[in-house]
Amino acid sequence: MKILVLGDVMGGSGRKAIKKNLSKIINDNEIDFTIINGENSTDSGRGITKSIAEDFFLQGVDVITSGNHIWDQKETTEFIKEEKRLLRPENSLKPVPGDGFGIFKSKNNKRVAVINLMANVFMKKSEDVFETAKHFIKKVKLKVDADFIVVDLHGETTSEKMAMAYFFDGKVTILVGTHTHVPTSDHRV
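Summarised in this report is the structure supplied together with it. Note that the structure is a prediction, hence the values are computed from the model and not measured.

Turning to the overall build of the protein, a few remarks are in order. On a plain count of helices and strands, the protein comes out with five helices and seven strands. The helix and strand sequence of the protein, counted from the amino end, reads β-α-β-α-β-α-β-β-α-β-α-β. A globule of 189 residues ought to have a C-alpha radius of gyration of about 16 Å, and the protein, at 15 Å, matches this closely. Reported as C-alpha extents along the three principal axes, the dimensions of the protein are approximately 40 × 35 × 35 Å. Evaluated residue by residue, the protein yields a buried proportion of 48% over its 189 residues. Relative to all contacts within the protein whose residues are 6 or more apart in sequence, the contacts with residues 24 or more apart total 65%. Both charge centroids of the protein, one from 28 positive and one from 26 negative side chains, sit 2 Å from each other.

Within the sequence span of helix H2 (residues 50-58), burial applies to Ile52, Ala53, Phe56 and Phe57. The arc that holds every buried residue of H2, seen down its axis, measures 140 degrees, which confines them to one face. Buried residues along H2 sit in contact with helix H1 (11-28), strand S2 (33-37), strand S3 (63-65) and helix H3 (76-82). Of the residues flanking the end of H2, it is Gly60, one or two places downstream, whose phi is positive at about 110 degrees.

Moving on, we come to the sheet that holds strand S4 (residues 101-105). Sheet strands pair via backbone hydrogen bonds, and the direction of the pair is either parallel or antiparallel. What the four strands build is an open sheet, ordered S4-S5-S6-S7; its pairing is mixed. Either end of the sheet is taken by a strand with one partner, and the two such strands are S4 and strand S7 (174-178). Strand-to-strand twist of the sheet, defined as the mean angle between neighbouring strand axes without regard to direction, takes the value 20 degrees. Pairing of S4 with strand S5 (residues 111-118), which is carried by five bridges, proceeds in the antiparallel orientation. Paired with Phe101 across the strands is Ile115, a residue of S5. Here helix H4 (residues 129-139) sits on the sheet and contacts S4, S5 and strand S6 (148-154); the angle it forms with S5, its principal contact strand, is near 165 degrees. Here helix H5 (residues 158-168) sits on the sheet in contact with S5, S6 and S7, set at roughly 165 degrees to S7.

Parameters at a glance
- Residues numbered from 1 in each chain as written.
- Predicted model: local features only at pLDDT ≥ 70, side-chain atom pairs only at ≥ 80, totals over all residues.
- Heavy atoms only, no water.
- Helix = DSSP H or I, 4+ residues; strand = E, 2+ residues; numbered from the N terminus.
- Rg over C-alpha atoms; globule rule 2.2 N^0.38 Å.
- Buried < 20%, exposed > 50% of the residue type's maximum accessible area, 1.4 Å probe, protein only.
- Contact = heavy atoms within 4.5 Å.
- Lys, Arg positive; Asp, Glu negative; His and termini not counted.
- Charge placed at Lys NZ, Arg CZ, Asp CG, Glu CD.
- Arc of directions from axis to C-beta.
- Pairing = 2+ DSSP bridges.
- Axes fitted to C-alpha atoms, helices over the stretch in contact; angles between N-to-C directions.

So this is what it looks like as structure tokens:
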């Protein structure tokens, strides 16, 4: 099983790179499931529109995750209700439309659970990310409810992402960090 995760597609240049390269990358590398974080994909870098999401799906994207800019385009609040492949953070303050996680089928017919979480440190107000993660992992079990579980933790600090990685250790397939302005695997002395 090959899963491709791309973080924070940014503006028109990011969309252009996706349109030019993604289908070829998926085909050449025999990728079974593709996730992108698309919450910065408008020209302004704030939010996503229905037409942008549809273009991503046409290029081979299976799921789009988001974060603190998910609601920056007014139209998103309507189309996210119907488009189950576009996720908003599961720990968003309720009530909000859309889903924060889903279980999807890969090209090779595996069940892939994807959960979108937003960190709490230096981010927009949201529910406690660790409490939300605890509730999720009680509901969705690796190798029982899903063959693979992918977590997109959208947040500022790598320390919070590392803490979440320890929390999910052995319970999910992969945790990726998006939004961070330094690599999730930041250098240490």
